[in-house]
Amino acid sequence: MIGLGEVLGGLGLLMKKYARYAAYTLAVIMLGATITLLLHGDMTTVAIPFVLLLVFLLIGRQSGSKKQPNNATPI
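A. Focus on the environment of Gly-5. Counting through the fold element by element, Gly-5 comes out in helix H1 (residues 2-14). Along the backbone, Gly-5 and Ala-22 are 17 residues apart, and their C-alpha atoms lie at a distance of 9.1 Å. Aside from chain neighbours lying at most four places away, what touches Gly-5 is Leu-26 and Ile-29.

B. Focus on the environment of Ala-23. With respect to the element layout, Ala-23 can be found in helix H2 (residues 19-39). For Ala-23 and Leu-53, which are 30 residues apart along the polypeptide, the C-alpha to C-alpha distance reads 9.0 Å.

C. Spatial organisation of H2. Spanning 21 residues, H2 covers 30 Å between terminal C-alpha atoms, matching the ideal 30 Å at 1.5 Å per step. Residues Ala-19, Ala-22, Ala-23, Leu-26, Ala-27, Ile-29, Met-30 and Thr-34 constitute the buried set of H2. Positive backbone phi, approximately 75 degrees, marks Gly-41, located one or two places after H2.

D. Expanded view of the nonpolar core. Leu-26, Ala-27, Ile-29, Met-30, Leu-53 and Phe-56 form the largest nonpolar core, which has six residues in total. Of all the elements in the fold, those that place two or more residues in this core are H2 and helix H3 (47-65). In terms of residue count, the dominant contributor to this core is H2 (four residues). Once residues lying within four places of it in the same chain are set aside, the contact partners of Phe-56 are Leu-13, Ala-23, Leu-26, Ala-27 and Met-30.

E. Quick look at the confidence of the model for the protein. Looking at the protein as a whole, the pLDDT averages 89, with 84% of positions reaching at least 70. When mean pLDDT is taken per element in the protein, H2 scores highest with 96 and H3 scores lowest with 91.

Quick notes on the rules
Residues numbered from 1 in each chain as written. Predicted model: local features only at pLDDT ≥ 70, side-chain atom pairs only at ≥ 80, totals over all residues. Heavy atoms only, no water. Helix = DSSP H or I, 4+ residues; strand = E, 2+ residues; numbered from the N terminus. Contact = heavy atoms within 4.5 Å. Expected span 1.5 Å × (residues − 1). Buried < 20%, exposed > 50% of the residue type's maximum accessible area, 1.4 Å probe, protein only. Core = buried A, V, L, I, M, F, W, Y, C linked by side-chain atoms within 4.5 Å. pLDDT = per-residue confidence, 0-100.

What follows is the structure, encoded as structure tokens:
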């Protein structure tokens, strides 16, 4: 299930319409990976999912905050 979520999340990142939701979904998956590694005491590789978590949160924030410019010219 996690692998399917990662594949669908990666595809969602490629589609502008779904990028925000995909990024937040992948962030949740990376949060789970980070917590799992911390609970098992694997401090050598915990930085990888943690950094990806931060990246996905930034992608989600950026894709959600973009507003379409108003191209109408005032008369």
